[in-house]
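Take a look at the letters that make up each chain.
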Amino acid sequence: MTDGRSAASNKGMPTVHIVSETVPCECNIKEDADAGIRAAMDQIVDCLTKRLSPEEQAPKRKERAKPSRIAFKGQLEEFNRFFYKRGWSDGLPLMPPTDAAVREMLAGTDLPPDHVVGEIEPRHGKATVEKIAVNAVMAGALPVHLPILIACVEALADPRAHLGAYGTSTGSWMPFWIVNGPIRHDARVNFSSGAMSPGDIANAAIGRAMGLVIKNIGGVRKGIEDMGVYGNPGKYSCVIAESEENSPWAPLHVEQGCAAQESAVTLFFPNCYTQIWQYGSDDKGILATLIYNLPPGRSGLTCLLMTPTQAKTLAQKGWTKPMIRKYVYEFGRVPAYRHPSSYDGGGWTKRSPETVAPNPMDSAAIVPSPEHLRILVAGGPGAFMGLACGGGLPGGQFVTKKIALPGNWAKLVAKYRSLAPVYEKY
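The sections below set out a description of the structure shown in this document. The structure presented is a predicted model; accordingly, all values stated were derived computationally and were not measured. (Residues numbered from 1 in each chain as written. Predicted model: local features only at pLDDT ≥ 70, side-chain atom pairs only at ≥ 80, totals over all residues. Heavy atoms only, no water.)

## Quick look at the pairing of strand β7 (residues 301–306)
On a regular strand, one side chain projects to one face of the sheet and the next to the other, so that they alternate.
So, step 1. Among the 6 residues that make up β7, 6 are buried, leaving the element largely enclosed by the rest of the structure.
So, step 2. Both faces of β7 are covered, namely the face carrying Leu-301, Cys-303 and Leu-305 and the face carrying Thr-302, Leu-304 and Met-306.
So, step 3. Sheet topology note: the β7/strand β10 (residues 373–377) ladder contains 5 bridges and is parallel. When the bridges of β10 are listed, Met-306 appears paired with Val-377. (Buried < 20%, exposed > 50% of the residue type's maximum accessible area, 1.4 Å probe, protein only. Helix = DSSP H or I, 4+ residues; strand = E, 2+ residues; numbered from the N terminus. Pairing = 2+ DSSP bridges.)

Here you go:
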């Protein structure tokens, strides 16, 4: 109901009539659906036929007071509780976005603070450079991360990313950010051991800042617009760079149309991540690991993660990225009875007027096409591989945006270069 009211208001229909019903989400049990329809039908007919009130005929836009630039004064603990109670937090402690901190963050771009980078679904919030900087400060990001964050917002605002669907779905999709180009080293974005684990300020803060941007600017609020059944821990932060220097192939951003010397960020929305032990260290074992572990119920955009060692093994045997994508598409199959598209609630779905119910042992491709697959070379030493998958919305794509650096970039990088953990040695 709250999701419906939010969507109606966002579409300019704040007074639209909304009828509650009892049919479980995506129900395919006919008896339950019929009972729910019958119970709601009288209310539906009533809403469609009764005369609209003057307010319903011409709803007025809600007047909003111009916000003060000062939201709160007080101690750090009080600040965090104040922001949390107003729904501006992600549940973890925040850094106060003071004027001084936001000014320092804005050193990471030559764009003016009021420049609108993009309009973010579902509530079409205008992501200005300053608003991005505010959320970046709150997440603990550094000015050297701001160029990446601006490109991330451009990717979010791209219709091909489908944030309005993935951000509000019951499927709990997570934004998966892949950084390429020289900025990986300048901003210290980890692409080696433990890249997606806590411990690297760039990987952690970039992902967290984008989570706050999606919530605070885009208006994706848990239990209101974000209807994730279970939620997803990857929404806190899922950021990784590519190990370009250790890869035998062209990096992801070059495949996506950028020049090798450019920096870029790529976005897609998986809703699950699996780490798999390789079946063997030769090319056959590596490829078998990929095709036998694709989950049949999660067809769609999929990123295949492999270590530099695994990538070099494949390349030495003549495998290219396009060849691997085609192989995984063609041989990543399951018997028809395991494929969800074949199930119609009791029998086998007819795929066209000319076909009959398939033999249960016929095979079906898990991934719709080779273009739904991307390969990322990353990670440290080890025999594990990764699958990030689940982006099955029709029309969804991997979205890549170039990263623009400010004129003072070299000076900015030098200022924050020493900010890196130094662990005690044995």
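## Quick word on the environment of Asp-283
So, step 1. With respect to the helices, strands and loops of the structure, Asp-283 is situated in helix α12 (residues 283–291).
So, step 2. Asp-283 sits 266 residues away from His-17 along the chain, and the two C-alpha atoms are 59 Å apart.
So, step 3. Discounting chain neighbours no more than four positions away, the residues touching Asp-283 are Thr-313, Leu-314, Lys-317 and Trp-319.
So, step 4. Of note is the side chain of Asp-283, whose polar atom sits 3.3 Å from the side chain of Trp-319. (Contact = heavy atoms within 4.5 Å. Polar contact = N/O pair within 3.5 Å; in protein donor to acceptor, adjacent residues only side chain to side chain.)

## Comments concerning a nonpolar patch on the surface
So, step 1. Side chains of Ile-37, Met-41, Ile-44, Val-45 and Leu-48 sit close together on the surface and give an oily, nonpolar patch of about 440 Å² of accessible area.
So, step 2. Along the chain, Ile-44 turns up in helix α2 (residues 30–49).
So, step 3. You can call Ile-44 partly exposed: its relative accessible area is 32%. (Patch = residues over 30% accessible without salt bridge, like charges linked within 9 Å, V, L, I, M, F, W, Y side chains within 5 Å. Areas by Shrake-Rupley, 256 points an atom, 1.4 Å probe, with all protein chains shown as cover. Salt bridge = Lys/Arg side-chain N within 4 Å of Asp/Glu carboxyl O.)

## Thoughts on helix α13 (residues 308–316)
An α-helical turn contains 3.6 residues, so a residue and the one three or four places further along point in the same direction.
So, step 1. When α13 is considered as a whole, its buried residues turn out to be Pro-308, Gln-310, Ala-311, Thr-313 and Leu-314.
So, step 2. Just beyond α13, the residue with positive phi is Gly-318, at close to 90°.

## What to know about the environment of Pro-248
So, step 1. Here Pro-248 is to be found in the loop between β4 (239–241) and α11 (252–255).
So, step 2. Put simply, Pro-248 and Thr-320 are 72 residues apart on the chain and 8.9 Å apart in space, counted from C-alpha to C-alpha.
So, step 3. When near neighbours in sequence (up to four residues on either side) are disregarded, Pro-248 contacts Ala-311, Lys-312 and Ala-315.

Shape descriptors only; they carry no functional weight alone.
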